[in-house]
Structure formats: structure tokens, C-alpha cells
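What follows is each chain in one-letter form.
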Amino acid sequence: MSETFTGRVWLLGDDIDTDIIIPTEYLALKSVEDMKPYAFSPLRPELAGQIEPGDIIVAGKNFGCGSSREQAPEVVKALGIRCIIAGSFARIFFRNAINNGLLLIENADLHDAVSEGDTIEVVTGSHITADGKEYQIASLPENLMEILNAGGLVKAMRKRNGLD
């Protein structure tokens, strides 16, 4: 089942690694909430404070490369990012994001077609509309959508096993 939502674009480039998403020195903080102000700080120190719930990151290729730290997708989700649309994702980041309930969408063309601050519309499993033009996107497999719709892997398994 598809879902439609809109969000404001934050534009990032290629190879945004996990050290950019949340630098190593902040991993010792007590919680992801404590880490939020430092998200993306090596690249854009002001960005975490400007992101609002429902915003969308549009990035180039290889988003989430680097380490397998689960705090990277957790902090992005905690900032209120609705989804990340990128040309490609690092494999471990992709699965960590899904397991934490963060929607990722691959599209190689959108990055060069939008500007920061634009509002785009996403219809999951169908397309993205930006400036009146549609960009087709693939649908995720049903098992991954179940995890996303539940808010993450643990919640999905609790629901599936009748615990919630």
C-alpha cells in the first residue's frame, strides 16, 4: 500500500559517510537525543538545528558509507527526517535504516533536479514529484514495508508475534 507525503528538501552530495552523519566523538553521549545537535556537523554544523520534522534529505550516491554504526540512521530519524532519497546507499546503512524504521528511496536523477528548500511529494512505491515532473521509484519488498510501517524491526516482530 502506497503512502503520499510532502517535505522540504535538504540537499547533500555524494559519499556522505557515517562519520559525517554522526561523528565518532559524539557516540559516547548517553542517547540519540543527546547526539542530535551534532548530526552532520563536520559538513554543515548548523544543519541539525535547521531540520524540521517531515523534512527530506536528497543526496548523491553512496549515502551512509563507512562504518556499520547503527546510531547514524537512528540520529537521522530522531531529527525528524521523513525519508532519504539518494542515488545509492551503502548496504549496511540501508539495512540499519530499515531496521530503525527510516524510509530510504533510491533515485539517481532527483539530486540534480531539485534545490535545497524545494518541497517535493513522495508516493511510496510509485514516484516523486518535484517541480511538476515525476521521477519513478521502485517499490520496496513487502517484508521491508512491514518493518517500516511498524516503525522498525523490533516493533514489527513484536506485532507479528502478538506482543503488541
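Let me begin by describing the structure that accompanies this report. (Residues numbered from 1 in each chain as written. Predicted model: local features only at pLDDT ≥ 70, side-chain atom pairs only at ≥ 80, totals over all residues. Heavy atoms only, no water.)

**Topic: the overall build of the protein chain**
Okay, step 1: Across its full length, the protein chain carries 7 helices and 7 strands.
Okay, step 2: Over its C-alpha atoms the protein chain spans a radius of gyration of 15 Å, differing by no more than 12% from the 15 Å that the globule rule assigns to 164 residues.
Okay, step 3: The dimensions of the protein chain, computed from C-alpha atoms along their principal axes, are 45 × 45 × 25 Å.
Okay, step 4: Among the 164 residues that make up the protein chain, the fraction classed as buried is 45%.
Okay, step 5: For the protein chain, restricting intrachain contacts to residue pairs at least 6 apart in sequence, the fraction spanning at least 24 positions comes to 68%.
Okay, step 6: In the structure as shown, the protein chain presents an accessible area of about 8300 Å², 48% of it carried by carbon and sulfur atoms.
Okay, step 7: Across the protein chain, the mean location of the 15 positive side-chain charges is 7 Å away from that of the 24 negative side-chain charges. (Helix = DSSP H or I, 4+ residues; strand = E, 2+ residues; numbered from the N terminus. Rg over C-alpha atoms; globule rule 2.2 N^0.38 Å. Buried < 20%, exposed > 50% of the residue type's maximum accessible area, 1.4 Å probe, protein only. Contact = heavy atoms within 4.5 Å. Areas by Shrake-Rupley, 256 points an atom, 1.4 Å probe, with all protein chains shown as cover. Lys, Arg positive; Asp, Glu negative; His and termini not counted. Charge placed at Lys NZ, Arg CZ, Asp CG, Glu CD.)

**Quick notes on the side chain of Asn 100**
Okay, step 1: Looking at the secondary structure, you find Asn 100 in the loop between α5 (91-99) and β4 (103-106).
Okay, step 2: Within the structure, the side chain of Asn 100 is placed 2.8 Å from the backbone oxygen of Asn 96, a separation counted as a polar contact.
Okay, step 3: Sequence-distant contacts of Asn 100, defined by excluding residues within four places in its chain, comprise Glu 70, Pro 73, Glu 74, Lys 77, Gly 151 and Gly 152. (Polar contact = N/O pair within 3.5 Å; in protein donor to acceptor, adjacent residues only side chain to side chain.)

**Observations regarding the packing of aromatic side chains**
Describing an aromatic ring pair means giving the distance of the ring centres and the angle of the ring planes.
Okay, step 1: In the structure shown here, the tally under the stated rule is 4 aromatic pairs.
Okay, step 2: Seen from their ring centres, Phe 63 and Phe 89 are 6.2 Å apart, and the 75° between their planes marks the pair as edge-to-face. Linking Phe 63 in the loop between β2 (56-59) and α4 (71-78) with Phe 89 in the loop between β3 (83-86) and α5, this pair joins segments that are 26 residues apart in sequence.
Okay, step 3: Residue classification places Phe 89 among the buried positions, given a relative accessible area of 10%.
Okay, step 4: Ring centres 5.4 Å apart and planes at 70° place the aromatic pair Phe 63 and Phe 93 in the edge-to-face group. One end of the pair, Phe 63, is in the loop between β2 and α4; the other, Phe 93, is in helix α5, with 30 residues separating them in the sequence. No difference in accessibility class separates Phe 63 from Phe 93, as the two residues are buried.
Okay, step 5: By way of ring pairs, the aromatic residues Phe 63, Phe 89, Phe 93 and Phe 94 are connected into one cluster. (Phe/Tyr/Trp six-rings, centres within 6.5 Å; stacked < 30°, edge-to-face > 60°.)

**Observations regarding the environment of Asp 55**
Okay, step 1: Following the sequence through the fold, Asp 55 ends up in the loop between α3 (47-50) and β2.
Okay, step 2: When the C-alpha atoms of Asp 55 and Thr 6 are compared, they prove to be 8.2 Å apart, with 49 residues separating the residues in sequence.
Okay, step 3: A polar side-chain atom of Asp 55 sits 2.8 Å from a polar atom in the side chain of Trp 10.

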